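This is what each chain is made of:
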Amino acid sequence: MGIFNYQDTDALGTVIAVDTATVVVRVADVEKLRRMQVNRLVVLQSSRPGEHLIGVIQKIVRSMKEAKAIAETGEADADVLPQENVVRVALIGTHIDRKGTEENLFRRTLETVPEIDANCFAIEGESLTAFMGVIARVASDGQKLTLGSYTLDENATAYLNGNKFFQRHAIVVGSTGSGKSWTTARILEQVASLANANALVFDLHGEYTPLVGDGIRHLRIAGPGDLEKGTNLKDGVIYLPFWLLGYEAMISMFVDRSDQNAPNQAMLMSRTVTDAKQTFLTKGNHQDVLDNFTIDSPVPFDIDGVVAELNRLNTEMVQGSRGEKQGPYFDKLSRMIARFENKRTDRRLGFLFRGGDDTNKFEWLETLCSTLVGGTQDQPDKKGGVKIIDFSEVPSDVLPLIVSLVARLAFSLQQWTVLGKRHPVALFCDEAHLYIPERSQGDVGNEISISIFERIAKEGRKYGVGLVVISQRPSEVNRTVLSQCNNLIAMRLTNAEDQGVVRRLLPDNLGGFSDLLPILDTGEALVVGDASLLPSRIRIAEPTAYPNSGTVDFWDEWSKNNPIDAIKAAVSGWRKQTQH
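The rules we used
- Residues numbered from 1 in each chain as written.
- Predicted model: local features only at pLDDT ≥ 70, side-chain atom pairs only at ≥ 80, totals over all residues.
- Heavy atoms only, no water.
- Buried < 20%, exposed > 50% of the residue type's maximum accessible area, 1.4 Å probe, protein only.
- Helix = DSSP H or I, 4+ residues; strand = E, 2+ residues; numbered from the N terminus.
- Pairing = 2+ DSSP bridges.
- Axes fitted to C-alpha atoms, helices over the stretch in contact; angles between N-to-C directions.
- Parallel < 35°, antiparallel > 145°, perpendicular 65-115°, else oblique.
- Left-handed = near helix turned anticlockwise from the far one by under 90°.
- Contact = heavy atoms within 4.5 Å.
- Nonpolar A, V, L, I, M, F, W, Y, C, P; charged D, E, K, R; others polar.
- Expected span 1.5 Å × (residues − 1).
- Salt bridge = Lys/Arg side-chain N within 4 Å of Asp/Glu carboxyl O.
- pLDDT = per-residue confidence, 0-100.
- Phe/Tyr/Trp six-rings, centres within 6.5 Å; stacked < 30°, edge-to-face > 60°.

1. Focus on the pairing of strand β10 (residues 170-173)
Step number 1: Across the two faces of β10 the burial is the same, with Ala 170 and Val 172 and Ile 171 and Val 173 all buried.
Step number 2: Here β10 runs beside strand β18 (residues 465-471); their pairing, made up of 4 bridges, is parallel. Considered in β18, the bridge of Val 172 is made with Ile 470.
Step number 3: Judged from the 4 bridges that link them, β10 and strand β19 (residues 487-490) form a sheet pairing that is parallel. Bridging from a neighbouring strand, Ile 171 pairs with Leu 488 of β19.

2. Details of the packing of helix α7 (residues 262-283) against helix α9 (residues 303-315)
Step number 1: The interhelical angle for the contact between α7 and α9, taken along N-to-C directions, is 135°, at an axis separation of 10 Å. Taken together, α7 and α9 sit at an angle that is classed as oblique. In the packing of α7 onto α9, the handedness of the crossing is right-handed. Where α7 abuts α9, its residues Leu 268, Arg 271, Thr 272, Val 273 and Ala 276 lie against Val 306, Glu 309, Leu 310 and Leu 313.
Step number 2: Here the residues of the contact of α7 with α9 are counted per class, giving 6 nonpolar, 1 polar and 2 charged.

3. A word on helix α5 (residues 180-192)
Step number 1: In this model, α5 (13 residues) spans 18 Å end to end at C-alpha, consistent with the 18 Å of a helix rising 1.5 Å per residue.
Step number 2: For α5, the full list of buried residues reads Lys 180, Ser 181, Thr 183, Thr 184, Ala 185, Arg 186, Ile 187, Leu 188, Glu 189, Gln 190, Val 191 and Ala 192.

4. Notes on the pairing of strand β11 (residues 199-203)
Regular strands show a simple pattern: their side chains alternate between the two faces of the sheet.
Step number 1: With 5 of 5 residues buried, β11 is to be regarded as a mostly interior element.
Step number 2: Every second residue of β11 is oriented toward a common face, with Ala 199, Val 201 and Asp 203 on one face and Leu 200 and Phe 202 on the other, all of them buried.
Step number 3: Relative to strand β16 (residues 386-390), β11 runs parallel, the two being bridged by 5 bridges. Note that in β16 the partner of Ala 199 across the bridge is Val 386.
Step number 4: In this sheet, strand β17 (residues 425-429) lies alongside β11 in parallel orientation, the contact comprising 4 bridges. In the strand pairing of β17, Phe 202 is matched with Cys 429.

5. Re the pattern of salt bridges
Step number 1: In this structure the tally under the stated criterion is 30 salt bridges.
Step number 2: Between Arg 98 and Glu 103 there is a salt bridge, with the nearest N and O atoms lying 2.3 Å from each other.
Step number 3: What makes Glu 103 partly exposed here is its relative accessible area of 36%.
Step number 4: One salt bridge connects Asp 256 with Arg 335, and the closest N-O pair in it is separated by 2.7 Å. Taken together, the positions of Asp 256 in the loop between α6 (247-254) and α7 and Arg 335 in helix α10 (residues 334-345) put the pair 79 residues apart, joining distant regions of the chain.
Step number 5: Exposure remark for Arg 335: the relative accessible area of 47% places this residue in the partly exposed category.
Step number 6: Each member of the salt-bridge network shares a partner with another, and the members are Arg 473, Glu 476, Glu 497 and Asp 498.

6. Let's talk about the confidence of the model for the chain
Step number 1: With 93% of its residues at a pLDDT of at least 70, the chain reaches an overall mean of 88.
Step number 2: In the model, residues 70-76 has pLDDT below 50 throughout and makes 4 contacts with residues more than four positions away in sequence or in other chains.

7. Examining the packing of aromatic side chains
Step number 1: Counting across every chain of the model gives 18 aromatic pairs.
Step number 2: Plain terms: the ring middles of Phe 4 and Phe 131 are 5.8 Å apart, the flat faces sit at 40° to each other, and that makes the pair tilted. Of this pair, Phe 4 sits in the segment before β1 (13-18) while Phe 131 sits in helix α3 (residues 126-135); the two residues are 127 residues apart in sequence, bridging distant segments of the chain.
Step number 3: Overall, Phe 131 belongs to the buried group, its relative accessible area being 0%.
Step number 4: Consider the rings of Phe 242 and Phe 353, whose centres lie 6.0 Å apart with planes at 15°: the pair is stacked. Of this pair, Phe 242 sits in the loop between β13 (237-238) and α6 while Phe 353 sits in helix α11 (residues 350-353), and the two are 111 residues apart along the sequence.
Step number 5: The rings of Phe 4, Tyr 6, Phe 106, Phe 121 and Phe 131 are connected pair by pair, giving a single aromatic cluster.

What follows is the structure, encoded as structure tokens:
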């Protein structure tokens, strides 16, 4: 049975003009005209039985007589004002009551247009809820991704299709204080409630620490304060050993490309690391890996042995025709070795080089991958499918490299999993402009990160990897990644450049929808994309737990008559480079 069951007396008006995708509706009843609002959905009778055309109100104009009555004397031009109350509607799709065995279908196409004098009805209340359920393809007893309610009709629940939201990637954008973290927390809580959820959240500032529940697990990248404590994965502390770095990442960290000897250094680094990995595999009797591994294979190796070999080559003397002479790489590796030693002794990078003996075992990678990429049912305690990773103690100069390392780990694992065994995983990229920038600005770490996330954006769908890009500056996020995101949740944006990016992401006939961006209330969002199909203005419902991203009330805090007494602890944390 169809969801639109109107009586002629319910009509707002009738069609008086038809264009390719635009119709003009005459509204005789002034009270009904007042009920109509720009961007509200309407339904029009189709020339085909069992079909209705869906449209969005673009413009509302009162009649010449009434317009002249409310205009200032002499300003109402009778030649340009319409003679009747009219509404311009943009057609955006067709609702079909039944097709074969399927009922209530929506198609983003127009095979017919309304006839003259066809009735136009408002979609509101139960009809709006039922229609948006059709849009989201959500079964009445199935799992639903709900964001909140529609701004124009608070009684209608806003659904998204959870499959398409993550399959086709998504972006969540908005100025500071607009409600991005609130919206993200709302989505994460619903994902975490699923029986076998699987998601990674890249939390750069510890904003999502308050999110708790059986479906959520908190992890963090090891900081300087963890190095002597002996903390590990069981404590929620992640070490990412140096041997996980790919060739390009390793070269970017240890080789200064401005050095005239950089080509030789890169070549020898590759050779010595490959030999060290080969030695490790040989000693461990891992012949099956040894037969096929490359420098990019995640295989532990003895870093001390690599440094010793590089030092040997750097000081090597060889026999010449007149006695000993300097070897071919004599003193050409000094700067690389110095960078190598500097990185190894930097306590800020302890998560790379000081993870302990366990992280250098062959079996350790499987444990790490199970923790990071395993769904709820694959965790030992059957909990924590949503993993929130705190990167707040990672130095900013290597942040893009380390975040992309975790992303590459998840993508590679999915890529090398046999098709029937792949369990989808979503990557929530908070503050994405910091590690997926539009311009790398010559930074090799940025280039590597951009390359990895571009590949995930382009190829992730076929391997079951979804992206949710979250940023307050969409104009600074990589355009290629954004172009692959077919779902948009846009909160308030006041910057013209950021608004322009969102405008380009919208379909052509919805370009004017972006005019709402600077006037959205806190917690309001424009939602467009494959997960919804229709443009919607939604008031996001409150999450159960609020992220640590609320705007500080300066005046209220300054008005309190009590000491804070936080400086001593802050100075101590600054010196120790840890908040824990």
